[in-house]
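The residues making up each chain are set out below.
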Amino acid sequence: MNILVINGSPMEKSRTRGIAKIVKELLEEKGVTVSYYDLGTDKLPLFPGDQDNDEHESLQKLYRAAQEAEGFFITSPEYHNGMSGVLKNALDFLGGSHFKHKPAAIAAASGGSKGGINALNNMRTVLRGLYAIVLPDQFVSDPYCYDAEYSLVDREAVERLQTITDLLVDLTEKLDVKQEQNIQ
């Protein structure tokens, strides 16, 4: 099983990256092959409305990882009541062929209490438009859940992510079995 984890934060120091790294570790502990794409380090060009940038190295890495993924775990900070611009840009480059019939879990890092939910709603809407099967369960964290190095350290938050990664793995396995049966 291959799950693509996407850090949707453009920032060098990022709580969103803290979520993505914990998710990557939790999935690897389950024996899952994890592809990791970090929009803070794997810079993409601005989506031009067509595929003219197909030769861009970071874009090729994203295409390859999304095509090979059987499921996704996508994270974003909340910027102005939505997902980050770099995440939306990355999703614009991808298409339904990358997501169709594949499960996706979503998580957001908020800048304060009661933040993050609008980013999650925005992500859910876009991912549905790409034909992903978005898990009903989702995760949002507050700043107090992190240490000074932006690592997610709050025990309850990590337990919530453990539950969501369990659901993602379970659904990915079930959908993969169904797809294999359809092929035969």
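Rules and cut-offs
- Along every chain, residues carry numbers that run from 1 in the direction the sequence is written.
- Only residues with pLDDT of 70 or above have their local features reported here, since the model is predicted, and side-chain atom pairs are shown and tallied only from 80 upward, although totals for entire chains, interfaces and linings are computed over all residues.
- Heavy atoms from the whole structure form the basis of all side-chain values; hydrogens and water molecules are not counted.
- Here a Phe, Tyr or Trp ring, Trp counted by its six-membered ring, pairs with any other such ring whose centre lies within 6.5 Å, and the pair is stacked when the planes are under 30 degrees apart, edge-to-face when over 60, and tilted otherwise.
- Put simply, DSSP H or I for four residues or longer makes a helix, DSSP E for two residues or longer makes a strand, and each gets a number counted from the N terminus.
- Burial classes follow relative accessibility: with a 1.4 Å probe on protein chains only, a residue under 20% of its type's maximum area counts as buried, one over 50% as exposed, and anything between as partly exposed.
- The criterion for a charge sitting over a ring is simple: Lys NZ or Arg CZ within 6 Å of the ring centre, and within 35 degrees of the ring normal.
- The definition of a nonpolar core used throughout is a set of buried Ala, Val, Leu, Ile, Met, Phe, Trp, Tyr and Cys residues joined through side-chain atoms within 4.5 Å.
- Should any heavy atoms of two residues lie within 4.5 Å, those residues are considered in contact.
- One less than the residue count of a helix, multiplied by 1.5 Å, gives the span that helix is expected to have.
- What makes two strands pair is DSSP finding at least two bridges between them.
- The definition of a right-handed crossover adopted here requires that, viewed with the strands pointing away, the path from the first strand over the helix to the second runs clockwise.
- Here a polar contact is recorded for every N or O atom pair within 3.5 Å, except that within protein the pair must consist of a potential hydrogen donor and a potential acceptor, and residues adjacent in sequence are included only if both atoms are side-chain atoms.

Novice: Please set out the packing of aromatic side chains residue by residue, giving values where relevant.
Specialist: Scanning the entire structure with this criterion turns up two aromatic pairs. For the ring pair F47 and F93, a centre distance of 5.0 Å and an interplane angle of 85° mean the geometry is edge-to-face. Of this pair, F47 sits in the loop between β2 (33-38) and α2 (57-68) while F93 sits in helix α3 (residues 85-93), and the two are 46 residues apart along the sequence. The partly exposed category is assigned to F47, whose relative accessible area is 25%. A cation over an aromatic ring shows up here: K100 above the ring of Y131, its NZ or CZ 5.5 Å from the ring centre.

Novice: Which residues make up the nonpolar core, and what values do they have?
Specialist: The biggest cluster of nonpolar side chains holds 31 residues, and the ones touching the most others in it are F99 and L127. When near neighbours in sequence (up to four residues on either side) are disregarded, F99 contacts F72, I74, L91, L94, L127, L130, Y131 and A132. Residues F73, C145, L152 and L168 belong to the second largest nonpolar core, which totals 24 residues.

Novice: Go over helix α5 (residues 117-129) with me, naming the residues and quoting the values.
Specialist: Because each turn of an α-helix spans 3.6 residues, side chains separated by three or four positions end up pointing in the same direction. Between its terminal C-alpha atoms α5 stretches 18 Å, which fits the 18 Å expected from 13 residues at 1.5 Å a residue. Of all the positions in α5, only A119, L120, M123, R124, V126 and L127 are classed as buried. Packing partners of the buried residues in α5 comprise β3 (71-77), α3, α4 (96-99), β4 (103-109), β5 (133-134) and β6 (139-141). Just past α5, the residue Y131 takes up positive phi, approximately 70°.

Novice: Which residues make up the side chain of N2, and what are the values?
Specialist: With respect to the helices and strands, N2 occurs in strand β1 (residues 2-7). We classify N2 as buried; its relative accessible area is 11%. Leaving out residues up to four positions away in the same chain, N2 has contacts with T33, V34, S35, E68, A69, E70 and G71.

Novice: Any chance you could break down unusual backbone geometry for me, citing the residues and the numbers?
Specialist: Among all residues except glycine, the phi angle is most often negative; among peptide bonds, the trans geometry is most common. With a phi angle near 65°, N81 is a residue other than glycine that sits in the positive phi range. Looking at the secondary structure, you find N81 in the loop between β3 and α3. By relative accessible area, N81 is classed as exposed at 53%. Of note in this structure, Y150 is not a glycine but carries a positive phi near 70°. Looking at the secondary structure, you find Y150 in the loop between β6 and α6 (155-183).

Novice: Summarise the pairing of β1; cite the residues concerned and give the values.
Specialist: Counting buried residues along β1, six of its six residues qualify, which places the element largely inside the surrounding structure. Burial along β1 is two-sided: N2, L4 and I6 and I3, V5 and N7, pointing in opposite directions, are all buried. Pairing geometry for β1 and β2, over six bridges, is parallel. Counted as the bridge partner of I6 is Y37 from β2. Once the chain exits β1 it traverses helix α1 (residues 15-29) before rejoining the sheet at β2, and the crossover so formed is right-handed. Note: β1 against β3, five bridges, orientation parallel.

Novice: Give me the lowdown on the pairing of β3, citing residues and values where you can.
Specialist: Among the seven residues that make up β3, seven are buried, leaving the element largely enclosed by the rest of the structure. Two elements, β3 and β4, share six bridges in a ladder whose sense is parallel. Looking across to β4, one finds that F72 is bridged to A104.

Novice: Outline α3, supporting the account with residue identities and numerical values.
Specialist: Residues of α3 that are buried include every one of L87, N89, A90, L91 and F93, and no others. Contacts made by the buried residues of α3 are with β1, α2, β3, α4 and α5.

Novice: Please give an account of the side chain of S84 that cites residues and values.
Specialist: Here S84 is to be found in the loop between β3 and α3. Taking relative accessible area as the criterion, S84 reaches 0% and is therefore assigned buried. Looking at S84, its side chain comes within polar contact range of the main-chain oxygen of G8, at 2.4 Å. Residues within four places of S84 in sequence aside, it is in contact with G8, P10, S76, P77 and Y79.

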